[in-house]
Amino acid sequence: MTDAAEVVVVGGGPAGASAAYYLAMAGHDVLVVEKATFPRDKICGDGLTPRAVAELIRMGVDTTGWARNTGLRTYGGGHCVEVPWPELASMPNYGLAAPRETFDDVLIEKAKEAGARLEEGVTVTGPIRHERTGRVIGVTAKAGPGREPREYRAPFIIDAGGVSARLATTVGRQKAMNRPMGVAYRTYFQSPQAEDSMMESHLELWEGKPGASDLMPGYGWIFAVGDGLVNVGLGSLSSNAQPSGLDYRAMFANWMANVPAEWGFTEENQVGKLRGAALPMAFNRKPHYADGLLLVGDAGGMVSPFNGEGIAYALQSGRMAADSIGQALARPTVSSMDAAVSEYPRMIRDELGGYYSLGRIFATLIERPEIMHLCVKYGLPRPTLMRFVMKLLSDCYDRTGGDWMDRTIAALAKAVPKA
Ligand SMILES: Cc1cc2nc3c(=O)[nH]c(=O)nc-3n(C[C@H](O)[C@H](O)[C@H](O)COP(=O)(O)OP(=O)(O)OC[C@H]3O[C@@H](n4cnc5c(N)ncnc54)[C@H](O)[C@@H]3O)c2cc1C
C-alpha cells in the first residue's frame, strides 16, 4: 500500500509532533508515522526548563495541573545551592515536568487537532530514493502486527525518529564520533520529594557515605513529576562518544543506598524499572537538510552537552523545520524549494551552533573528575557565579538584550566557531 502527503514525519515524539503541528496549522497535508502506539513511554528525566515551556506556550499546550518548578537546587562539594529560574524576556520564569507517557500523548494530540494525520504501529525501514537524483522521495515501512510492507511518499521527509535516527543512518548520515554523547538511566519513586518545587541536581555521586567514600563518575537528578511521583536518574557524559564502560545500575544502587531514608527511595516505592538510553549531543548528526530529508530533535543530535536537555530543542527544531518547509511548498521548482529548506540548517545553527560549541568545551573539561570537583567545591558557594552558571547550563539566557550575564553568554557563543 502506498500513501502520500506533502510532508511525511518519521516519529511522533516532541520533535515530530512539533513539526507536524506547525505544518498542519499552516494548512499542509502532514502524515506522522510512528512505530509505537500512544500513549507510550520514553526513557527521559521528564524535566522541562523554561526554554521548553516557552515552546509549549507557543503551541498553546494546556499545562494546567502539571508539576511546576521554580528553579534548580544543586548539591556538590558539601554545598547545597538554590537558584530560581531567571527573569527573561524570551521565556517564562518557571519550569514544568510531566511523565513522557502523558507529555508526548498531549503533544501528538495537539498535532492531530491541528489537522496532522497519524499512523501508529508503523516502523519505517528505509528511504525511497529518486532513481536519477537520489533525492529521498518517500519511506518504506512495516505496519501492524503482520508487518505488512508500506510506502509513504512526499516532497519532504522529516526524520524525527530519536537517537536511533534509522532513516538518516540508512542514507549515510552517521553520527560524528568527535561530538559528546551522554548515557542516562532513570526510574520513578513514590516519595515525599514529589512536593518539592525545585528541580534537583546532584553533581557528585558517592559510592558510599557522602563525603566519606569514593566519588563515582556522573551526575544525578531528582524531578517531581506530579501524582506523588519523582523521576530519579543519573547519567554520564563523554566528550567523544566513546562507550563509558560504566555500570550505571550499580552506580544507581550505590546512590540510592546512601540517600536520606525519609526520601523513601526504596524498592517498595519504586514505580517501573531502571531504564537507560543514549543522549546524542551538539549536532552529532548532520547535515540537518539534504536531498529532501530533514533531521530534527535527537535524530539531528540536538541534546545540550551542558545539561542533557533535549525536549526544548526537539520542539524548537520541529518548529523551524516546519517553517522552512512551509516556505518551500509555496515554490514552483525543486531547486527553489531546496533553497527555501536550506534555511532550516542555517536557522538551527545560528540559534544553537555557538552555544553547543561552548558545550563541547564544557564536556571536555567536566569529564575530568578533578576539574569537576574543583568547580563544584569553589564555584557552588558563589551566588553570582552560580546564577551565571545556571543561565549557561540551562540555556536560559536572552539571545539579545538581557542583563550582563545574558550578554556575556551570547558574546561567548558568538565568539566560538559554530558546531
Ligand atoms: C534518561 C534520559 C533522561 C533525559 N532527561 C531529559 C530531561 O529531563 N529533559 C529534557 O529536555 N530531555 C531529556 N532527555 C532527552 C530527551 O529524552 C530527548 O532529547 C527527546 O526525547 C528528543 O525528542 P525526539 O522527538 O527527537 O525523539 P524521541 O522522543 O526519541 O521520539 C522519537 C519517536 O520516533 C519513533 N521512532 C523511532 N524510530 C522509528 C521508526 N523507524 N519508525 C517509526 N517511528 C520511529 C519512536 O518510537 C519515538 O516515538 C533525556 C534522555 C534520557 C535518555
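As a reminder, the structure under discussion sits directly above these lines.
What comes next is a walk through the structure. (Residues numbered from 1 in each chain as written. Predicted model: local features only at pLDDT ≥ 70, side-chain atom pairs only at ≥ 80, totals over all residues. Heavy atoms only, no water.)

**Comments concerning the environment of Gly401**
Our working definition: Note on conventions: DSSP H or I runs of at least 4 residues are helices, E runs of at least 2 residues are strands, and numbering of each starts at the N terminus. Three exposure classes are used, based on accessible area relative to the maximum for each residue type with a 1.4 Å probe and protein chains only: buried under 20%, partly exposed in between, and exposed over 50%.
Relative to the elements of secondary structure, Gly401 occurs in the loop between helix H10 (383-394) and helix H11 (404-415). For Gly401, a relative accessible area of 44% corresponds to the partly exposed category. With 312 residues separating them along the chain, Gly401 and Ala89 place their C-alpha atoms 8.6 Å apart.

**Here's the deal with the packing of helix H8 (residues 343-366) against H11**
Selection rule: Inter-axis angles, ranging from 0 to 180 degrees, are taken between N-to-C directions of lines fitted to C-alpha atoms, where helices are fitted over the stretch in contact. Relative orientations are named as follows: roughly parallel for angles under 35 degrees, roughly antiparallel for angles over 145 degrees, roughly perpendicular for angles from 65 to 115 degrees, and oblique for any other angle. In what follows, a contact means two residues having at least one pair of non-hydrogen atoms within 4.5 Å. Polar here means any residue outside two lists: the nonpolar Ala, Val, Leu, Ile, Met, Phe, Trp, Tyr, Cys and Pro, and the charged Asp, Glu, Lys and Arg; Gly therefore counts as polar.
At a minimum axis distance of 7 Å, the contact between H8 and H11 shows a crossing angle of 90 degrees. In terms of orientation, H8 and H11 fall into the roughly perpendicular class. Across the interface between the two elements, Gly354, Tyr355 and Leu358 of H8 pack against Ile409, Leu412 and Ala413 of H11. Residue classes in the contact of H8 with H11 are distributed as five nonpolar, one polar and no charged.

**Structural notes on the sheet that holds strand S22 (residues 293-295)**
Strand pairing in a sheet takes place through backbone hydrogen bonds and is either antiparallel or parallel in direction. We apply this condition: Here the rule is simple: two strands pair whenever DSSP picks up at least two bridges between them.
Pairing in this open sheet of six strands is mixed, and the strands run S9-S3-S2-S13-S22-S21 from one edge to the other. Two strands in the sheet have a free side with no partner beyond their single neighbour: strand S9 (117-120) and strand S21 (289-290). Bridge count between S21 and S22: two bridges; the pairing is antiparallel. Considered in S22, the bridge of Tyr289 is made with Leu294. Each of strand S2 (7-10), strand S13 (156-159) and S22 touches helix H6 (residues 311-329); the most contacted strand, S13, lies at about 175 degrees to it. Running over the sheet, helix H7 (residues 334-341) touches S13, S21 and S22 and is turned about 30 degrees from S13.

**Thoughts on the pattern of salt bridges**
Rule in force here: Salt bridge, as applied in this entry: a Lys or Arg side-chain nitrogen positioned within 4 Å of an Asp or Glu carboxyl oxygen.
In this structure the tally under the stated criterion is 24 salt bridges. Arg186 is paired through a salt bridge with Asp41; the nearest N and O atoms lie 3.1 Å apart. Residue Arg186 is located in strand S14 (residues 181-190), and its partner Asp41 is located in the loop between strand S3 (30-34) and strand S4 (47-48); the two are separated by 145 residues in the primary sequence. Here Asp41 falls in the partly exposed class, since its relative accessible area comes to 34%. Between Asp350 and Arg346 there is a salt bridge whose closest N-O contact spans 2.8 Å. Of the two residues, Asp350 and Arg346 both sit in helix H8, four residues apart, roughly one turn of that helix.

**So, the sheet that holds strand S7 (residues 79-84)**
Pairing is mixed in the open sheet, where seven strands are placed in the order S7-S6-S15-S18-S19-S14-S20. Edge positions in the sheet fall to S7 and strand S20 (270-280), since each of these pairs with one other strand and no more. Each strand axis lies, on average, 20 degrees off the axis of its neighbour in the sheet, ignoring direction. Where S14 and strand S19 (residues 229-238) come together, ten bridges link them in antiparallel fashion. Residue pairing in the sheet places Tyr188 in a bridge with Asn231 of S19. Where H10 meets the sheet, its contacts fall on strand S6 (71-76) and S7, and the angle it forms with S7 comes to roughly 65 degrees.

**Observations regarding the site of the ligand**
Filter applied, for reference: Working definition: residue near molecule or strand if any one of its non-hydrogen atoms lies within 4 Å of it. For the purposes of these results, a polar contact is taken to be a pair of N or O atoms within 3.5 Å, where, inside protein, one atom must be able to donate a hydrogen and its partner to accept one; residues adjacent in sequence count only when each atom of the pair is a side-chain atom. A 1.4 Å probe and the Shrake-Rupley method give the accessible areas. Residues count as covered only by the protein chains that appear here.
Near the ligand you find 36 residues, and of these Glu34, Arg40, Gly45, Arg100 and Asp298 are the closest. Contacts to the ligand include Ala15, whose backbone N or O atom sits 2.9 Å from an oxygen atom. At 2.7 Å, a side-chain N or O of Asp298 approaches an oxygen atom of the ligand. Burial of the ligand by the protein chains amounts to 94% of its free accessible area of 1,000 Å². Looking at the shell around the ligand, the elements with two or more residues in it are helix H1 (14-25), S3, strand S10 (122-129), strand S18 (219-226), S20 and H6. A total of three residues in the shell around the ligand trace back to one element, the largest contributor, which is S10. For the shell around the ligand, a count of residues per class yields 17 nonpolar, eleven polar and eight charged.

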